[in-house]
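# Examination of the molecular architecture
Spelled out, the chains give:
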Amino acid sequence: GLSELRARRDELNGRIQAEEAERGRLQARIATLSRRLSDTSESLAGLRSTRAHIDRTIAEMDLASGEILDNSQTLLDVLKKEMRDLGKIIDP
């Protein structure tokens, strides 16, 4: 019985060592993945910030473009009126 227990203990020691080695590999992989996750999160934050800045710039440009179009149309309307008025003065 004693030799059976020693054999069983040796078998368990082998399994324990194998599990400890696997645990070490997994912990190293977790550390690597954690670093990659952190780097990716930082990169993503920067990309989102850049996108938000571009979105704001586009919105500002759209607004300015609309204002330019409105002002141009107003200017055209004023010029047309002035031309009609001048035409009335020249050709009564």
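As a reminder, the structure under discussion sits directly above these lines.
Before going into details, it helps to say that this report is about the structure given with it. Please read all numbers here as calculations on a predicted model, not as lab measurements.

Conventions and cut-offs
Residues numbered from 1 in each chain as written. Predicted model: local features only at pLDDT ≥ 70, side-chain atom pairs only at ≥ 80, totals over all residues. Heavy atoms only, no water. Helix = DSSP H or I, 4+ residues; strand = E, 2+ residues; numbered from the N terminus. Rg over C-alpha atoms; globule rule 2.2 N^0.38 Å. Buried < 20%, exposed > 50% of the residue type's maximum accessible area, 1.4 Å probe, protein only. Patch = residues over 30% accessible without salt bridge, like charges linked within 9 Å, V, L, I, M, F, W, Y side chains within 5 Å. Areas by Shrake-Rupley, 256 points an atom, 1.4 Å probe, with all protein chains shown as cover. Salt bridge = Lys/Arg side-chain N within 4 Å of Asp/Glu carboxyl O.

Counting its secondary structure elements, the chain contains one helix and zero strands. By the compact-globule yardstick of 12 Å for 92 residues, the chain is too spread out, its C-alpha radius of gyration being 39 Å. Over its C-alpha atoms, taken along the principal directions, the chain stretches across nearly 130 × 15 × 10 Å. Relative to its 92 residues, the chain shows a buried fraction of 0%.

Time to look at a nonpolar patch on the surface. A contiguous nonpolar surface patch, about 460 Å² in accessible area, is contributed by Met83, Leu86, Ile89 and Ile90. For isoleucine 89, the position within the fold is in helix α1 (residues 2-90).

In this fold, arginine 56 is placed in helix α1. Look at arginine 56 and you get partly exposed, because its relative accessible area is 48%.

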